[in-house]
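Summary of structural features
Residue-level listing of the chains:
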Amino acid sequence: MDPRPLLIVDAANVVGSRPDGWWRDRAGATARLRDALAAVAEQGVPPLLAGPAEVVLVVEGAARGVPGAPGVRVVAARGSGDDAIVELVGAAPGRRRLVVTADRQLRGRVGALGAEVYGPRWLRGEA
């Protein structure tokens, strides 16, 4: 079993949390998020998450074609991104699992499986 914490990021939710024009280029906005997460894989998100961490970015819809990058594994949801995130959390019961989303229903689903849940502001260091 991988000893690193597992950080799962809800790409659509995190990208959509900032009104920066992401709707004009969802794939581009998701790629920028992926690139920013590379540092998180190495350094974590102090003080709650020390690096290194395994970072998984779950994408759906127009962002499905965004590839992974060093330090960031991209999972293209076959259906619902929320269902893919729940599946990832459920597949790693012995690890520390952190999910980044502001989706209230998803927060409840992964929290019930023992995952820690944080909002997009936490990931950006604003909370």
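The subject of this paragraph is the packing of helix H3 (residues 81–90) against helix H4 (residues 104–112). In helix packing, the relevant descriptors are the interaxial angle and the interaxial distance, both defined with respect to the helix axes. At their nearest, the axes of H3 and H4 sit 9 Å apart, and the two run at 15 degrees to each other. Accordingly, the angle class assigned to the pair H3 and H4 is roughly parallel. Our pair here, H3 against H4, has a crossing hand that is right-handed. Here Asp-82, Asp-83, Ile-85, Val-86 and Val-89 of H3 come into contact with H4, specifically with Leu-106, Arg-109 and Val-110.

On to the environment of Val-14, then. Along the chain, Val-14 falls in helix H1 (residues 11–15). In this structure the C-alpha to C-alpha distance between Val-14 and Asp-103, which are 89 residues apart in sequence, comes to 9.6 Å. Not counting residues up to four positions away in its chain, the partners in contact with Val-14 are Val-9, Leu-33, Val-100, Pro-120, Leu-123 and Arg-124.

Here we come to the pattern of salt bridges. All told, the structure shown has six salt bridges when counted by the stated rule. A salt bridge links Arg-34 to Asp-35, with the shortest nitrogen-to-oxygen separation between them at 2.8 Å. Using a relative accessible area of 45% as the deciding quantity, one classes Asp-35 as partly exposed. In this structure, the salt-bridge partner of Glu-116 is Arg-96, at a minimum N-O distance of 2.6 Å. Linking Glu-116 in strand E7 (residues 116–118) with Arg-96 in the loop between H3 and strand E6 (97–100), this pair joins segments that are 20 residues apart in sequence. What makes Glu-116 partly exposed here is its relative accessible area of 27%. In this structure Arg-96 comes out as partly exposed when scored by relative accessible area, which is 33%. What emerges from the salt-bridge pattern is a single network uniting Glu-54, Arg-73 and Arg-95.

This brings us to the pairing of E6. Burial along E6 is two-sided: the residues Arg-97 and Val-99 and Leu-98 and Val-100 are all buried. Judged from the four bridges that link them, strand E1 (residues 6–10) and E6 form a sheet pairing that is parallel. Its bridge partner lying in E6, Leu-7 is registered against Leu-98. With three bridges connecting them, E6 and E7 associate as parallel partners.

A word on the side chain of Thr-30. Tracing the backbone shows Thr-30 in helix H2 (residues 26–43). Once you skip the residues sitting within four places of it in the chain, Thr-30 turns out to touch Ala-11, Val-15, Leu-57, Val-59, Ala-63 and Val-66.

Moving on to the nonpolar core. A general tendency of soluble globular proteins is for nonpolar side chains to be buried together. In this structure, Leu-7, Val-9, Leu-33, Leu-37, Leu-57, Trp-122 and Leu-123 are the most contacted members of the largest nonpolar core, which totals 26 residues. Elements supplying a minimum of two residues to this core: E1, H1, H2, strand E4 (54–59), strand E5 (72–76), E6 and helix H5 (120–123). When residues of this core are assigned to their parent elements, the largest contribution, six residues, is made by H2. If near-sequence neighbours (up to four positions away) are discounted, Val-9 is found in contact with Val-14, Leu-33, Leu-37, Val-56, Leu-57, Val-58, Val-100 and Leu-123. Counting 16 residues, the second-largest nonpolar core is a separate cluster that includes Val-56, Ile-85, Val-99 and Ala-115.

Parameters at a glance
- Residues numbered from 1 in each chain as written.
- Predicted model: local features only at pLDDT ≥ 70, side-chain atom pairs only at ≥ 80, totals over all residues.
- Heavy atoms only, no water.
- Axes fitted to C-alpha atoms, helices over the stretch in contact; angles between N-to-C directions.
- Helix = DSSP H or I, 4+ residues; strand = E, 2+ residues; numbered from the N terminus.
- Parallel < 35°, antiparallel > 145°, perpendicular 65-115°, else oblique.
- Left-handed = near helix turned anticlockwise from the far one by under 90°.
- Contact = heavy atoms within 4.5 Å.
- Salt bridge = Lys/Arg side-chain N within 4 Å of Asp/Glu carboxyl O.
- Buried < 20%, exposed > 50% of the residue type's maximum accessible area, 1.4 Å probe, protein only.
- Pairing = 2+ DSSP bridges.
- Core = buried A, V, L, I, M, F, W, Y, C linked by side-chain atoms within 4.5 Å.

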